[in-house]
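Spelled out, the chains give:
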Amino acid sequence: MAVRKPVYWDGSAVRSMTSAQITAIKQRCVYLFGGSGRPVNLTYDAGNAGAGIRRMLDTRDTAGALATGGASFPTPAAINDGGASTTYDYVALSQTDGSPSEPADTNNIAFPLYQESTNVFRSMSRDDMYDTFINDAIDLLVDGNDRDGTYRVSTSSSGLSNHTIVNANPIFTDQRFNAAGVHGGATGTSSQEILPLSDVDQPLTIQNYYLWRTDQGTSYGTPSIQLPLQTNTDEDLVTYSTAAFDTLLENLLFYSTASRSNYILHYDFEAAGVDVQAITDNVSTPQTRGDAIVDTTLDASVRINDQDGADAYRSQNLPTGSPEIETTYTLKIYRK
Amino acid sequence: MAVTVINLSDPISTLVTKSNTIASDLGDKATLGTTTTSSLVAAINEINTKVVAIDTGAEIAAQVETFFNSSGNVLDVHGFHADSANIDSASITHLAVSGNFIADSALFDSATITNLASTNISVDSADFAKIRLDSVIFQHAKPLSIKDSTGTVVLAGYLLSTSNTDGTL
């Protein structure tokens, strides 16, 4: 259980890998995670009750109750701060926990050879493989950069370079009271022929947020690696084939990110503000993936008076003013 | 020594003396070493019979070969020089060959060979101080072992090397 330096055949001699060659294999792991077989995915599933990931709230200020009088404008009730909200529970975390199963060290010679001491070569153990390649590769995946096969949030609905959109529908929409559309953005008491409103909630879409997946090859291209030596049941020294070594790395990586304690790759939304929510099951520092999702409302109200005929005086407070942030949600990636 | 001759003029005393001389020269047949002692002729014939059986080189060689082919008969010589020899088996304490030693097959208990040229050697056991392969002289063996991930040895052996220094070929 330690970091090893696997050996390889350089054409004329058996050599220990350099640090750069080992780093290339870790980067190869990142590349492999970008393939379709990765076990940890985020999907778009509107109304799925949020499997494995927290929900978000879009709140909006709504108009106060309409006041009606027969001789003069009555004093209306205050607006409802955050009176309406929409729950966005559209991101589902798919984690194939327990599958794949932990790769076996068949015949205790499944993994590469390393030089144990002078004139002695020994097969790496599975824990050696984790310590040498997989753990560091997972740390790369959760470092917050655009790593192959990981997910991020963007306000863009198309054309995000090196990414594939998960679904054309937004995972969150920030809406506010349509002050400009309803009362022209008035900030002082005014008389307008707009009452009664059809609904106290007059939402206007401000910003959509979309879920994207980073394409395979984004981080390091297609890393070429030095294939190590292993011993087989005939006691021969043989070089892994590219496909066989990729499969070996994939099995270890996929098992770890799905099921191995402290190396399970996880996503969740962290929130600051009114709907505060913290991530507590992490063992690495959660890193932001993409644009922050901002739930905004308006910061003021305005009284609108509307007289319809000699005996119909209507008055109502409506939201207005500048945007204010209620809650900021950020998609985080981490291991747990 | 002159031949004893009895003359007609010899007196009786001389005849006696010469007869005794002749008898003495012929010897006592009772002391013949031959098997047959009835008469000198029979003894001589007996010897003749034996000599005739080995009076050619082939007959002598056959007798020698028959003798040394018998168990227990040993040729013990101080020196042996031969242009060529076909020896079925031999125990040689020290065999020095200055020219070429050519053998279809040979079994040596021990040997010191300064230069050995061969197209095929089958050696049951050997002790080499140096081995030259492809003009490279190897005179050291370095251990090599391969273990599985639990530390159990799956292969242990040696590599030939020109040096006994670790890290040197």
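Cut-off values and rules
- Residues numbered from 1 in each chain as written.
- Chains lettered and ligands numbered in written order.
- Predicted model: local features only at pLDDT ≥ 70, side-chain atom pairs only at ≥ 80, totals over all residues.
- Heavy atoms only, no water.
- Pairing = 2+ DSSP bridges.
- Helix = DSSP H or I, 4+ residues; strand = E, 2+ residues; numbered from the N terminus.
- Axes fitted to C-alpha atoms, helices over the stretch in contact; angles between N-to-C directions.
- Phe/Tyr/Trp six-rings, centres within 6.5 Å; stacked < 30°, edge-to-face > 60°.
- Buried < 20%, exposed > 50% of the residue type's maximum accessible area, 1.4 Å probe, protein only.
- Salt bridge = Lys/Arg side-chain N within 4 Å of Asp/Glu carboxyl O.

Student: I keep staring at the sheet that holds strand 9 (residues 120–123) of chain A and nothing clicks. Help me out?
Tutor: With mixed pairing, 4 strands are arranged side by side in an open sheet as 8(A)-9(A)-3(B)-4(B). Taken across any chain shown, the strands that pair with only one partner, and hence form the sheet edges, are strand 8 (113–117) of chain A together with strand 4 (153–161) of chain B. For this sheet the average axis-to-axis angle between neighbouring strands, irrespective of direction, equals 25°. As judged from the 3 bridges shared by strand 9 of chain A and strand 3 (residues 140–147) of chain B, these two strands associate in the parallel manner.

Student: Before we go on, may I ask you to explain the packing of aromatic side chains in this structure?
Tutor: Residues and elements named next belong to chain A. Counted under the stated rule, the structure contains 11 aromatic pairs over all chains. Where tyrosine 151 meets tyrosine 267, the ring centres are 5.9 Å apart and the plane angle is 80°; that geometry is what we call edge-to-face. Taken as a pair, tyrosine 151 in strand 10 (residues 151–154) and tyrosine 267 in strand 17 (residues 265–273) lie far apart in primary sequence, 116 residues in all. No difference in accessibility class separates tyrosine 151 from tyrosine 267, as the two residues are buried.

Student: Just to check I follow, could you spell out the pairing of strand 19 (residues 293–307) of chain A for this structure?
Tutor: The side chains of a regular strand alternate, first on one face of the sheet and then on the other. Residues and elements named next belong to chain A. Relative to strand 19, strand 13 (residues 190–191) runs parallel, the two being bridged by 2 bridges. Residue serine 190 lies in a different strand from strand 19, and its bridge partner there is isoleucine 304. With 14 bridges joining them, strand 19 and strand 20 (residues 313–335) adopt antiparallel strand pairing. Across the sheet, the residue bridging to threonine 297 is glutamate 324, located in strand 20. Taken together, strand 19 and the strand that follows it, strand 20, pair antiparallel across an intervening segment of 5 residues, in which glycine 309 is found at a positive phi of about 90°.

Student: Sorry, what's going on with the pattern of salt bridges here?
Tutor: In a structure, side chains of opposite charge can pair up when their charged atoms sit close to one another. Residue and element names in this part refer to chain A. Scanning the entire structure with this criterion turns up 21 salt bridges over all chains. Aspartate 146 serves as the salt-bridge partner of arginine 152, at 3.3 Å between the closest nitrogen and oxygen. Note on arginine 152: relative accessible area 15%, which makes it buried. Using a relative accessible area of 26% as the deciding quantity, one classes aspartate 146 as partly exposed. Between lysine 332 and glutamate 270 there is a salt bridge, with its nearest N and O atoms 3.5 Å apart. Taken together, the residues lysine 332 in strand 20 and glutamate 270 in strand 17 connect sequence positions 62 residues apart.

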